[in-house]
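Below, each chain spelled out in residue letters.
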Amino acid sequence: MTLTPEAQAEIDELRATPRPTLRAVSEGMEAHLYKARPVLDHGFVRVIDYMGDDSAICQAARVSYGKGTKSVSNDEGLIRYLMRHWHSTPFEMCEVKLHVKLPVFVARQWIRHRTANVNEYSARYSILDREFYIPAPEALAAQSVVNNQGRGEALTGEEAARVLDWLKQDSTRAYDHYAEMISQDGQQGLARELARMNLPANIYTQWYWKVDLHNLFHFLRLRADAHAQYEIRVYADAICDVVKDWVPFAYRAFEDYRLGAVTMSAQMVDCVRRMLAGESVTEENCGMSKREWREMMGVLG
Ligand SMILES: Cc1cc2nc3c(=O)[nH]c(=O)nc-3n(C[C@H](O)[C@H](O)[C@H](O)COP(=O)(O)OP(=O)(O)OC[C@H]3O[C@@H](n4cnc5c(N)ncnc54)[C@H](O)[C@@H]3O)c2cc1C
């Protein structure tokens, strides 16, 4: 992660000047506020601001005048009930604003999540930093042979060395040309909004990303999943670590009823019932496609 000394000093100053507030405060989240959590080689996630805590979810569910807390166990029970039964709006009462630094190809996946507010660093106005994502050797994976949208074992030996070399060379060369094109040293200098077009998708960008807890859980459900691309999953994992401390009851319910849960079709439920009744259910008589059967058996182990 690359934070300039000035950026680090600004973060330190913010953390050194606490202010009293009447608003709901999550002690767990206060510990994260403003700090940058490193992700990939130059990226980070940091909390800029947040609203609400576990009790705010209960307060909204009960439409209460005060804090709404009956007891801690009541609160956790209520949150788990809401999560289990898809009563989602109380979770929308909590919000978080993150500052994220991420490679452009990760940003392209991330931005598909439309239910957030985004403001990105402007490469029309500003000059991009010379920072490119170069995978760690263990993340330099081969194309999967079973899944077109996945990866297999890590590349090794000469092949790995050649790929890393190309990634570094291409990034350096593209950035050198970018810098030369915008340079106003003895020339007019190409507009920044045009010069950026030669830059590869592994260059880093930054944005502020604000989202409510319900939609954040949806994002995390998809992107902290084992099927998500590693490079976005590590950001989702970093955010999970923060959310765990911010709203521990809600996060536990999310882990139990979303992240670790599975959806079964009506046919799958029927198969399980038949199995429990002692019937020998097979791929041939299950009434599902081969793929569905495989997926169900994967879940049932
Ligand atoms: C493993 C994986 C593989 C993927 N592969 C591809 C791919 O190959 N190609 C590709 O293009 N995308 C791909 N995606 C992106 C995926 O299709 C979604 O666009 C992305 O995950 C955002 O999900 P979302 O729309 O539910 O989220 P959000 O945009 O946050 O929306 C949340 C929910 O709000 C509702 N909503 C929001 N906007 C609208 C709207 N305009 N109309 C109706 N309902 C709306 C929907 O219920 C939606 O589920 C992939 C995602 C994953 C996780």
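Preceding this section is the structure that the text describes.
This write-up is about the structure you can find in this document. Computed from a prediction, not measured in an experiment: that's the story for all the values here. Per chain, the residues get numbers from 1 upward, laid out in the order the sequence is written. In keeping with the model being predicted, local features are shown solely for residues with a pLDDT of at least 70 and side-chain atom pairs are shown and tallied solely at 80 or more, while totals for entire chains, interfaces and linings include all residues. Note that the side-chain values use all heavy atoms of the structure and ignore hydrogens as well as water.

## Overview of the overall build of the protein
Scanning the protein from terminus to terminus reveals 12 helices and 7 strands. Along the longest, intermediate and shortest principal axes, the C-alpha atoms of the protein span 80 × 60 × 30 Å. Working definition of accessibility: Shrake-Rupley area with a 1.4 Å probe, residue cover restricted to the visible protein chains. Counting only carbon and sulfur atoms, one obtains 51% of the accessible surface of the protein, whose full area is about 18,100 Å². Positive and negative side-chain charges of the protein, numbering 36 and 41 respectively, have mean locations separated by a distance of 5 Å. Put simply, DSSP marks the helices as runs of H or I at least four residues long and the strands as runs of E at least two long, and each gets a number from the N terminus on. None of His or the chain ends enter the tally, which takes Lys and Arg as positive and Asp and Glu as negative. In plain terms, the charge of a residue is placed at NZ if it is Lys, CZ if Arg, CG if Asp and CD if Glu.

## Here's the deal with the site of the ligand
Residues are classed as near a molecule or strand on a simple rule: at least one heavy atom within 4 Å of it. Close to the ligand lie R112, H113, R114, T115, Q149, H218, L222 and R223. In the model, an oxygen atom of the ligand is placed 2.6 Å from a nitrogen or oxygen of the H218 side chain. Split into classes, the residues belonging to the shell around the ligand amount to 1 nonpolar, 4 polar and 3 charged. Pairing of N or O atoms within 3.5 Å defines a polar contact, subject to two protein rules: one partner must be a possible hydrogen donor and the other a possible acceptor, and residues neighboring in sequence count only if both atoms are side-chain atoms. Three residue categories are used. Nonpolar comprises Ala, Val, Leu, Ile, Met, Phe, Trp, Tyr, Cys and Pro, charged comprises Asp, Glu, Lys and Arg, and polar comprises the others, including Gly.

## Concerning the nonpolar core
Here, the term nonpolar core denotes a set of buried Ala, Val, Leu, Ile, Met, Phe, Trp, Tyr and Cys residues that are joined through side-chain atoms within 4.5 Å. Think of it in three bands: residues with accessible area under 20% of the maximum for their type are buried, residues over 50% are exposed, and the middle band is partly exposed, with areas taken using a 1.4 Å probe on protein chains only. Counting residues in each nonpolar core, the largest one holds 53 residues, and the members touching the most others are W110, L213 and L216. Among the elements that line this core, the one with the most residues is helix 9 (residues 230–246), at 10 residues. Note on contacts: a residue pair qualifies if any of its non-hydrogen atoms lie within 4.5 Å across the two residues. Not counting residues up to four positions away in its chain, the partners in contact with W110 are V100, L102, W207, W209, F219, I232, Y235 and I239. Of all hydrophobic cores here, the second largest spans 9 residues; its members include A123, F132, Y178 and I182.

## Concerning the packing of helix 11 (residues 266–276) against helix 12 (residues 290–300)
At a closest axis distance of 11 Å, the pairing of helix 11 and helix 12 adopts a crossing angle of 55°. Comparing their axes, helix 12 and helix 11 come out oblique. Crossing geometry of helix 11 relative to helix 12 is assigned as right-handed. Contact residues: M268, C271, V272 and M275 in helix 11; E292, W293, M296, M297 and L300 in helix 12. When the residues that make up the contact of helix 11 with helix 12 are grouped by side-chain class, the tally is 8 nonpolar, no polar and 1 charged. With axes taken as lines fitted to C-alpha atoms, and helix axes fitted only over the stretch in contact, angles between N-to-C directions fall between 0 and 180 degrees. Any angle between 65 and 115 degrees counts as roughly perpendicular, while under 35 counts as roughly parallel, over 145 as roughly antiparallel, and the rest as oblique. Note on convention: the crossing is left-handed when the near helix lies turned anticlockwise from the far helix by less than a right angle, right-handed when the turn is clockwise.

## Focus on the pattern of salt bridges
Note on definitions: salt bridges are taken to be side-chain nitrogens of Lys or Arg within 4 Å of carboxyl oxygens of Asp or Glu. In total, this model carries 12 salt bridges according to the counting rule given. One salt bridge in this structure joins K210 and E95, with 3.0 Å as the shortest N-O distance. One end of the pair, K210, is in strand 7 (residues 204–212); the other, E95, is in strand 3 (residues 95–103), and 115 residues separate them in sequence. In this structure K210 comes out as partly exposed when scored by relative accessible area, which is 31%. Several salt bridges share partner residues, and in doing so they unite R37, D241 and K244 into one network.

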